[in-house]
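The residues making up each chain are set out below.
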Amino acid sequence: MLRNPTIPVLLCTIIGIICEQMSTSYHFHRLEGYIIQSTDPAKVIHKATSKFQCAQMCSVNDCEYFTYKSSERQCQYFHIWQDNVTIQKTTNRQAETFVSKNVLQKKWFKIYSLTMEKDCLVSESFLENPRLINPPNSCSHLNETFFYRNTLMDQWTILPIDQVKFAAYKNGIEELELVFNGRNSTKSDWFNFQRLISSPWTDLSEATIAYFGISPTRQRHFYVSQVQIGCERLLSWLIVSEAARCSWQEAEYYPTLIYSPLTTSVTISSGGRRGDAVAVFIKLI
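None of the values given here were measured: they were computed from a predicted structure.

How each quantity is defined
Each chain has its residues counted from 1, following the order in which its sequence is written. Where local features are concerned, this predicted model is filtered to residues with pLDDT of at least 70; where side-chain atom pairs are given and counted, the filter is 80 or more; whole-chain, interface and lining totals use all residues. As a convention, hydrogens and water are excluded, and side-chain values are obtained from all of the structure's heavy atoms. A helix here means a DSSP run of H or I that spans at least four residues, while a strand means a run of E at least two residues long, and both kinds are numbered starting from the N terminus. Two residues qualify as a contact provided that any one of their heavy atoms is within 4.5 Å of a heavy atom in the partner residue. Working definition of accessibility: Shrake-Rupley area with a 1.4 Å probe, residue cover restricted to the visible protein chains. Burial here depends on accessible area, computed with a 1.4 Å probe over protein chains only, as a share of the maximum for the residue type. Under 20% is buried, over 50% is exposed, and the range in between is partly exposed. Think of the arc as the fan of directions from the helix axis to the C-beta atoms. We define the nonpolar core as a collection of buried residues of types Ala, Val, Leu, Ile, Met, Phe, Trp, Tyr and Cys that are connected through side-chain atoms lying within 4.5 Å of one another. Note: two strands are recorded as paired if DSSP finds a minimum of 2 bridges between them. To pair, rings of Phe, Tyr and Trp, with the six-membered ring standing in for Trp, must have centres within 6.5 Å; the planes then decide the type, stacked if under 30 degrees apart, edge-to-face if over 60, and tilted in the middle. Charges are assigned to positions over rings by a cutoff of 6 Å between ring centre and Lys NZ or Arg CZ, combined with an angular limit of 35 degrees from the ring normal.

Time to look at the overall build of the protein. Summing up its helical and strand segments, the protein has 3 helices and 21 strands in all. For the protein, the share of sequence-separated contacts (at least 6 apart) that also reach a separation of at least 24 residues comes to 56%. Counting only carbon and sulfur atoms, one obtains 49% of the accessible surface of the protein, whose full area is about 14,500 Å².

Printed below as a string of C-alpha cells:
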C-alpha cells in the first residue's frame with residue numbers, strides 16, 4: 001500500500017524526535033531536566049494531540065525549541081534568541097522541552113553586545129536589564145544594532161552553559177577572542193583567569209595579574225591588567241573604560257575599548273588599540 005507523501009511521518013527515537021516530511025528531515029533532542037516557557041502573555045499556545053504533532057508545528061515554522069505539555073495538550077514553539085522566555089529546572093515529564101539539532105550544531109549564541117562611545121555603559125547594561133529599569137537609563141534609547149541583551153542573561157545559572165566567549169571588534173572585524181569555561185558559572189564570575197581556556201596573549205600565565213574581571217574596579221570593566229604604576233606606565237591587555245581616570249582614556253562619550261593587539265601585554269597608553277564594540281557569546285552543553 002502506497003503511503004500518501006503529503007502526510008508527515010513522525011517517529012520517536014530514544015534520543016529525541018525525528019520528523020520526516022516529504023524530503024525534509026527534522027531532528028529534536030529532549031532538553032533533559034529543563035523546561036522553556038514564554039514570559040510573553042500574548043505568545044500563542046497551540047493545541048496538539050502529541051509531542052510529535054508539536055514537533056511538526058515547530059519544524060514548519062523553522063523554530064529552535066518547543067515545549068509540549070501532555071496533560072493539557074499544549075504546544076509552544078520558540079525562536080529562543082528572539083522570544084522572551086524563561087528556563088527552569090524540572091523533573092516533570094508531562095512538560096518537556098525539545099531542541100532542534102540545528103541549534104546543537106551551532107557553536108556560539110550571542111547574548112550581549114555593546115557598541116562603544118554611545119553613552120550606554122557596561123555597568124548599566126550587563127548585569128541588569130536596562131530596558132526594565134524605571135526611569136530608563138542611557139541604554140534604553142539604543143536599538144539592537146548598538147546594544148543587545150538577551151533576556152536569558154537573567155537565567156544564566158540554570159542555563160546548560162558549556163563555554164563563554166568574549167569578543168572585541170574594530171571596523172566590524174573580530175580582533176580579539178577570549179574563551180572561558182562556563183560550567184557552573186554566573187553572569188558575574190565567568191570572566192576570570194581561573195576559567196580562561198584560550199586567549200591571544202601568551203604571557204598571562206607568567207605575568208603578575210592585578211585585575212581580571214567584569215568589574216574588578218570602579219569604571220573599568222572587562223579589565224585585564226597588571227598593577228598600575230601611574231597612568232603612562234600601565235601594562236595591560238584589555239580595558240573597557242567608563243571615565244577618564246587617565247588622559248589616554250579621554251573620549252566625548254563612553255565607554256571606550258582599548259586592548260593589546262600583540263601576543264603580550266602593552267603599555268596601554270601608547271601601545272593599546274581602540275576598538276568599536278564588544279560581544280559575549282555562550283555555547284550550550
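On to helix 1 (residues 51-60). Every buried residue of helix 1 is accounted for by K51, C54, A55, C58 and S59. The buried side chains of helix 1 occupy one side of the element, clustering within an arc of 140° when seen end-on. In the segment just after helix 1, D62 is the residue with positive phi, at about 55°.

Considering the arrangement of structural elements, one finds D119 in the loop between strand 10 (109-115) and strand 11 (147-149). Along the chain, D119 and N137 lie 18 residues apart, while their C-alpha atoms are 9.7 Å from each other. Among all residues touching D119, those that are not within four sequence positions of it are S138, Y253 and Y254.

Attention now moves to the nonpolar core. Core analysis: the biggest nonpolar cluster contains 49 residues, and F166, W190, F191, F222 and L238 have the highest contact counts within it. Formed by 11 residues, the second largest nonpolar core is a distinct cluster that contains F28, C63, Y77 and F98.

Our next topic: unusual backbone geometry. Note the cis peptide between Y254 and P255, where omega equals 5°. Within the element layout of this structure, P255 appears in the loop between strand 17 (235-241) and strand 18 (256-259). Positive phi, close to 60°, is recorded for E117, a residue that is not glycine. Position of E117 among the secondary structure elements: in the loop between strand 10 and strand 11.

Of the two faces of strand 18, both are covered, the one formed by T256 and I258 as well as the one formed by L257 and Y259. Pairing analysis gives 4 bridges linking strand 17 to strand 18, with the strands arranged antiparallel. In the strand pairing of strand 18, V240 is matched with L257. Note: strand 18 against strand 20 (residues 273-275), 3 bridges, orientation antiparallel. Residue pairing in the sheet places I258 in a bridge with R274 of strand 20.

Let us look at the packing of aromatic side chains. All chains considered together, the criterion is met by 18 aromatic pairs. Summarising the aromatic geometry, the rings of F166 and F191 are spaced 5.7 Å apart at their centres and angled 75° between planes, so their arrangement reads as edge-to-face. Taken together, the positions of F166 in strand 12 (residues 161-170) and F191 in the loop between strand 13 (173-181) and strand 14 (196-198) put the pair 25 residues apart, joining distant regions of the chain. Look at F166 and you get buried, because its relative accessible area is 0%. The exposure class of F191 is buried, given its relative accessible area of 2%. Ring centres of F180 and F191 lie 5.0 Å apart, and the angle between their planes is 40°; this geometry places the pair in the tilted category. In this pair, F180 sits in strand 13 while F191 sits in the loop between strand 13 and strand 14, placing the two residues 11 residues apart along the sequence. The exposure class assigned to F180 is buried, which follows from its relative accessible area of 0%. Aromatic rings pair up to connect Y112, F126, F147, W156, F166, F180, W190, F191, F193, F212 and F222 into one cluster. The ring of F146 has K118 lying over it, and the distance from NZ or CZ to the ring centre is 4.5 Å.

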